[in-house]
Amino acid sequence: HEVDIVEMDRTSSFRDMKRARPDAKLQAVDPIHKAFEAIFYNHGRPLFGDADVRRAMTHAIDRERILQQVIAPGSGSVMDGPVETKFWAYGGANHLKYDPQKAIELLQDSGWQDANDTGILGRGGRNFSFELLFPKGSLTSEKLIRVIKMNLNNIGVDVRPVPVELKELVQRMRLGAYDAALFSQPFESTPDDFYAVFHSESIALGFNMLRYENRQVDRNISFLYGITEPARALPIYQQLQLLLSRDQPCTFLFNFEREYIAYDPRFQNIGLPGSALNSPASWYILTDPR
C-alpha cells in the first residue's frame, strides 16, 4: 500500500496484483511512448550482412506465439516494419509469416549447411552462432529470449543469450560491440525518427545502431523532408515500409498498442480506459469515498 500508481510489468499477473492489493483498480491505457520491439542485427558483422539471412531469422521466429504467451493479451500486434497500424500512411509492407522451412531454404541458398551433422549450420569453417544481448532483470525479455532461442535452434542456429544492464546494452549497440540485441526502439513515424534509426548518415551519430545502409531507403527518407502535402508523402512512406520489410534490417517483433496500470482507487481523473493518461497535474484524491 505504498505505491499510488504503477505501470504493470508486461508479464505481471492481474490475479497476483489483486492478491497484493484487492482494492487496486486496473486499467488499460494508450502507451505514453510509441516503440517497437525487435531483434537488432549488427550489419557491421559479416554474419548479418545478407538480407536473405535476416529474412530467414524472421521466418524462423513464431511472433504470434510471442503475442499469445509472453505479453499481456490484447496489448500488442505483430509488426512487419517500424510503422504502427494507426499511422495515417500505414501500408505497403510485406508480411513474413512464421515458416521454419522457408527459413532453412533461405539459409541453405546463402551457403549455410549442416555438413557435420551436428544440428548447427556452418559455412566457410564457422558455425552460425552469435551472442544475443537482452536487458537484464526483465521477465518479459527473459521469456522472449527463451522462445527466440528455441525457434532459432530448431533451424540450426546457435544463439547464446547474454543479459546485460540496459545502459550497457545501449552503449554496446552504439559502439557496434555486439552481434544482435533484443531492444525496444522508441519510434514515431516521422522523417526524424526514420532518419535516426535507418539512415546511413546516422551511423556516425550513434543513432543508427544497426549500422544499416540502403541507398534507396536513404533517398526516400531524405525526400520526406520538406514535403507537407499528405498525397505526395503517402507513396514515399509506403515504399519505405516495403523496402524495410523486404530488407529486414532487424526482425520486427511487435509493438504495444496498450499498456496496463494499477492505481489507488482514491485517485480520480486518471483518464478514460483505453485512452492516454491525463496529466498528473489534473489528478486528485477522493478523500471521502462516500
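As the structure is a prediction and not an experimental result, all values here were calculated from the model.

**Comments concerning the packing of helix α7 (residues 191–198) against helix α8 (residues 215–224)**
It is the contact of α7 with α8, at a shortest axis distance of 9 Å, that shows an interaxial angle of 155 degrees. Regarding the angle of α7 to α8, the classification is roughly antiparallel. The two elements α7 and α8 cross, and the hand of that crossing is left-handed. Here P191, F194, Y195 and F198 of α7 come into contact with α8, specifically with V217, D218, I221 and L224. Class assignment of the residues belonging to the contact of α7 with α8 gives a composition of 7 nonpolar, no polar and 1 charged.

**Structural notes on the nonpolar core**
By size, the foremost hydrophobic cluster in this structure holds 36 residues, and its most contacted members are I39, L107, F128, F130 and L152. Of all elements in the fold, only β3 (35–41), α2 (51–60), α3 (63–69), α4 (100–109), β7 (129–135), α5 (139–153), β9 (180–186) and β10 (250–256) reach the threshold of two or more residues within this core. With 5 residues, the top contributor of residues to this core is α5. Once you skip the residues sitting within four places of it in the chain, F130 turns out to touch L47, F48, M57, L152, V157, D158, V159, R160, D179 and A180. Counting residues in hydrophobic clusters, the runner-up holds 34 residues, among them F36, A181, F183 and L244.

**Looking at the pattern of salt bridges**
Applying the stated criterion across every chain yields a total of 10 salt bridges. A salt bridge links E168 to R172, with the nearest nitrogen and oxygen atoms 3.8 Å apart. Here the residue E168 and the residue R172 both occupy positions in helix α6 (residues 166–175), the gap between them amounting to 4 residues, near one helical turn. The exposure class of R172 is partly exposed, given its relative accessible area of 22%. Its salt-bridge partner being R232, residue E229 comes within 3.5 Å of it at the nearest N-O pair. One salt-bridge network, in which partners are shared between bridges, spans R21, D23, D264 and R266.

**A short note on the packing of α2 against α4**
Here α2 crosses α4 at 160 degrees, and the two axes come no closer than 8 Å. The angle between the axes of α2 and α4 places the two elements in the roughly antiparallel class. The chirality of how α2 crosses α4 is left-handed. Residues D52, V53, R55, A56, H59 and A60 of α2 lie in contact with α4, whose contacting residues are P100, K102, A103, L106 and L107. For the contact of α2 with α4, the class distribution of residues is 7 nonpolar, 1 polar and 3 charged.

**Concerning the environment of Y225**
For Y225, the position within the fold is in the loop between α8 and α9 (230–247). Relative accessible area serves as the criterion here: at 41%, Y225 is assigned to the partly exposed category. Note: C-alpha distance between Y225 and G49 (176 residues apart in sequence) is 28 Å. Residues within four places of Y225 in sequence aside, it is in contact with P191, D192 and Y195.

**What about the packing of aromatic side chains?**
Under the criterion given, the structure shown has 19 aromatic pairs. Residues F87 and W88 carry aromatic rings whose centres are separated by 5.7 Å and whose planes lie at 50 degrees to one another, so their mutual orientation is tilted. Residue classification places F87 among the buried residues on the basis of a relative accessible area of 14%. We classify W88 as partly exposed; its relative accessible area is 48%. Aromatic rings pair up to connect F36, F87, W88, F187, F194, F198, Y212, Y237 and F252 into one cluster.

What counts and how
Residues numbered from 1 in each chain as written. Predicted model: local features only at pLDDT ≥ 70, side-chain atom pairs only at ≥ 80, totals over all residues. Heavy atoms only, no water. Axes fitted to C-alpha atoms, helices over the stretch in contact; angles between N-to-C directions. Helix = DSSP H or I, 4+ residues; strand = E, 2+ residues; numbered from the N terminus. Parallel < 35°, antiparallel > 145°, perpendicular 65-115°, else oblique. Left-handed = near helix turned anticlockwise from the far one by under 90°. Contact = heavy atoms within 4.5 Å. Nonpolar A, V, L, I, M, F, W, Y, C, P; charged D, E, K, R; others polar. Core = buried A, V, L, I, M, F, W, Y, C linked by side-chain atoms within 4.5 Å. Buried < 20%, exposed > 50% of the residue type's maximum accessible area, 1.4 Å probe, protein only. Salt bridge = Lys/Arg side-chain N within 4 Å of Asp/Glu carboxyl O. Phe/Tyr/Trp six-rings, centres within 6.5 Å; stacked < 30°, edge-to-face > 60°.

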